Amino acid sequence: MSVVIVVGAQWGDEGKGKVVDLFTERADVVVRYGGGANAGHTLVIEGKKLVTHLVPSGVLHPGKACVLGDGMVIDPHALLDEIAECQARGLLQQNELLIGLGAHVILPYHKLVDGLREDHGAKRGRAIGTTRRGIGPAYEMKAARRGIRVRDLLRPERLAALVASNLDDLAPVIQHLGGTAPSAQEIQGWITDALTAGEKLRKYTGDAGRHVDNAIKRGQHVLFEGAQGCLLDLDHGTYPYVTSSSTIAAGACQSAGIGPTMIDAVVGITKAYATRVGEGPFPTELHGEAGDKLRIAGGEFGATTGRPRRCGWLDLPALRMGVRLSGMKSLALTKLDVLCGMPEIQVCVAYKLDGKELDEPPTDPEDLARATPIYARQPGWGALPSDARDVSDLPAPARAYVETIERMAGVPFCLISVGPDRTETIRLHDPFV
Ligand code: GDP
Ligand code: IMO
Ligand code: MG
């Protein structure tokens, strides 16, 4: 098999960055699909940390092509900062980066509207808890066919006309939300900055879809890196508390512009517990001291915004939904070490709603907020050896926990992660065969 999609199976932050970095050893091309700088993917190698937001997490492997698919929404300044950070570390030295000309662009006014909407919504109890990176407004403009694409950054006249037309649309919205409509001078500054960024990015731009398709046809190994997670999917997640893109495996084809018949494997990533950032129902959430303990043990603070992540027990109905939505054939389990030292571990095996048992989350958000988790209890374990390289190296209760998840999710694990570092991994099955 040569074309593999890695996708978050929960509400994001499952450890996709670590897993993509590991799988990149066998890949020739790594493609980020969907979303933008709302993502934060952490890579830890020999204690040194790198957080990627837009650049694919294969970047630590020199010579691999890193592609940003057309379905992304790219903040050109954030991307330039990230490229500079990578280059300062000796990465991206050759022309390893390819930015899809069809990807949409996030400019300062997308972020302005995102932030104003959140503030306005918060006063009315209707905030989404977005990352304020302009994701929603950029995808809205795309759907309205008024978006600005990477290719437009390379055409000064077209860009100026598009920005002017965007701001004609948005000025009343900005004012309605309590902001000040930008002055002509401010708008001109944004255009000039975007053109300067476009010139710096020009050498990396190209036809991403053709490139990926050609690589597959040449028999190369291609790895798709999902951002966010299945439950944040615009169509199938916990709407409206979702992101604005297709985060499920199908989004990889959509974003990169390749057909679904090209895909050989889909690997879902799940933590040994659950987290969520921002608003929205989270039935297994632990409040108070129990949630704080898990947050501290897992270092659960946003890689993009630094916000404390909400923490709770593993939600198997939600995981099952992720497995179904993305057609996952295997899973990677991360952060098993974080549960060390807990006398007892709980895992949600079903929900109860109006006297009925449900094996997947109800699709209506109010029903989901009302549903009560049914928990199974399992004994905890003391420590995990960080040099565990096989399931047999794990203590018996940890093995039992792993087996419970596999059985109830209905798919086997291909990898178990017992620490943030590349080396702290039990590899069971290589998705590239
Ligand atoms: P992503 O968005 O899915 O790539 O995940 P994030 O990088 O936002 O969050 C995952 C966090 O968990 C990062 O800080 C990783 O370094 C860390 N991490 C990944 N796997 C493990 C693991 O097995 N154990 C521990 N303790 N940390 C891990
Ligand atoms: P990675 O790739 C966790 C969440 C936000 C918010 C909702 C909408 O690191 O897993 P947006 O800014 O996208 O409009 O916010 O989606 N969200 C994430 N949560 N990890 C992410 O990315 C996320 N990207 C967006 O917190 O609830
Ligand atoms: Mg993250």
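Residues numbered from 1 in each chain as written. Chains lettered and ligands numbered in written order. Predicted model: local features only at pLDDT ≥ 70, side-chain atom pairs only at ≥ 80, totals over all residues. Heavy atoms only, no water.

S.K.: Tell me about the coordination of the magnesium ion (ligand 3), residues and numbers included.
M.R.: For the magnesium ion (ligand 3), the protein coordination sphere consists of Asp13 (OD) and Gly40 (O), at 2.1 to 2.2 Å. On the criterion of sequence distance, the pair formed by Asp13 in the loop between β1 (3-8) and α1 (16-24) and Gly40 in the loop between β2 (29-33) and β3 (41-45) is long-range, its members being 27 residues apart. (Donors = N, O, S within 2.8 Å, 3.2 Å for Na, K, Ca; no water. Helix = DSSP H or I, 4+ residues; strand = E, 2+ residues; numbered from the N terminus.)

S.K.: An account of the site of ligand 2 is needed here, citing residue identities and associated values.
M.R.: Residues in close proximity to ligand 2 total 21 residues, the closest being Asp13, Lys16, His41, Thr131 and Thr243. Here an oxygen atom of ligand 2 and a side-chain polar atom of Arg307 are 3.0 Å apart. In isolation ligand 2 offers 550 Å² of accessible surface; the protein chains occlude 98% of this area. For the shell around ligand 2, the class distribution of residues is eight nonpolar, ten polar and three charged. (Near = heavy atom within 4 Å. Polar contact = N/O pair within 3.5 Å; in protein donor to acceptor, adjacent residues only side chain to side chain. Areas by Shrake-Rupley, 256 points an atom, 1.4 Å probe, with all protein chains shown as cover. Nonpolar A, V, L, I, M, F, W, Y, C, P; charged D, E, K, R; others polar.)

S.K.: Let's hear about the site of ligand 1: which residues, and what values?
M.R.: Near ligand 1, the surroundings consist of 20 residues, among which Lys16, Gly40, Thr42, Asp337 and Ser417 are the closest. Here Gly17 contributes a backbone N or O atom positioned 2.8 Å from an oxygen atom of ligand 1. Here an oxygen atom of ligand 1 and a side-chain polar atom of Arg309 are 3.0 Å apart. Contact with the protein chains hides 91% of the accessible area of ligand 1, taken as 580 Å² for the molecule alone. Looking at the shell around ligand 1, the elements that each hand over two or more residues are α1 and β3.

S.K.: Tell me about the packing of helix α2 (residues 76-88) against helix α6 (residues 184-201), and please be specific about residues and values.
M.R.: Close contact between α2 and α6 brings their axes to 9 Å; oriented N to C, the two are set at 40°. Taken together, α2 and α6 sit at an angle that is classed as oblique. For the element pair α2 and α6, the recorded crossing hand is left-handed. Contact residues: α2 offers Pro76, His77, Leu79, Leu80 and Ile83, while α6 offers Asp193, Ala194, Ala197, Lys200 and Leu201. A breakdown of the residues in the contact of α2 with α6 according to their chemical character gives seven nonpolar, one polar and two charged. (Axes fitted to C-alpha atoms, helices over the stretch in contact; angles between N-to-C directions. Parallel < 35°, antiparallel > 145°, perpendicular 65-115°, else oblique. Left-handed = near helix turned anticlockwise from the far one by under 90°. Contact = heavy atoms within 4.5 Å.)

S.K.: I'd like a rundown of the domain arrangement of the protein chain, residues and numbers included.
M.R.: One can read the domain layout of the protein chain as domain 1 (3-95 + 208-427) and domain 2 (104-203). Relative to domain 2, the C-alpha centre of domain 1 lies at a distance of 29 Å. Each side of the interface is counted separately: domain 1 has 28 residues, and domain 2 has 24 residues. Carbon and sulfur atoms make up 62% of the area that domain 1 and domain 2 hide from each other, which totals about 1900 Å². Considering only the surface of domain 1 that becomes buried against domain 2, Val73, Pro76 and Leu80 emerge as the three largest contributors, covering 26% of it. For the interface between domain 1 and domain 2, the tally reads one salt bridge. (Domains from an automatic or database assignment. Buried area = accessible area lost by both parts, 1.4 Å probe. Salt bridge = Lys/Arg side-chain N within 4 Å of Asp/Glu carboxyl O.)

S.K.: Now, about the pattern of salt bridges: what can you tell me, with residues and values included?
M.R.: Using the criterion set out here, one finds 22 salt bridges in the structure. The partner of Glu300 in a salt bridge is Arg309, with the nearest N and O atoms 2.7 Å apart. A residue is classified by how much of its surface remains accessible, and Glu300, at 0% relative accessible area, is buried. Here Arg377 ties to Glu344 by a salt bridge, and the two come within 2.8 Å at their closest N and O atoms. Pair noted here: Arg377 is in strand β18 (residues 372-379) and Glu344 is in strand β16 (residues 344-353), with a separation of 33 residues, a long-range link. Among the residues examined, Glu344 registers a relative accessible area of 34% and is labelled partly exposed. Taken together, the salt bridges that share partners define one network made up of Asp13, Lys271, Glu300, Arg309 and Lys335. (Buried < 20%, exposed > 50% of the residue type's maximum accessible area, 1.4 Å probe, protein only.)

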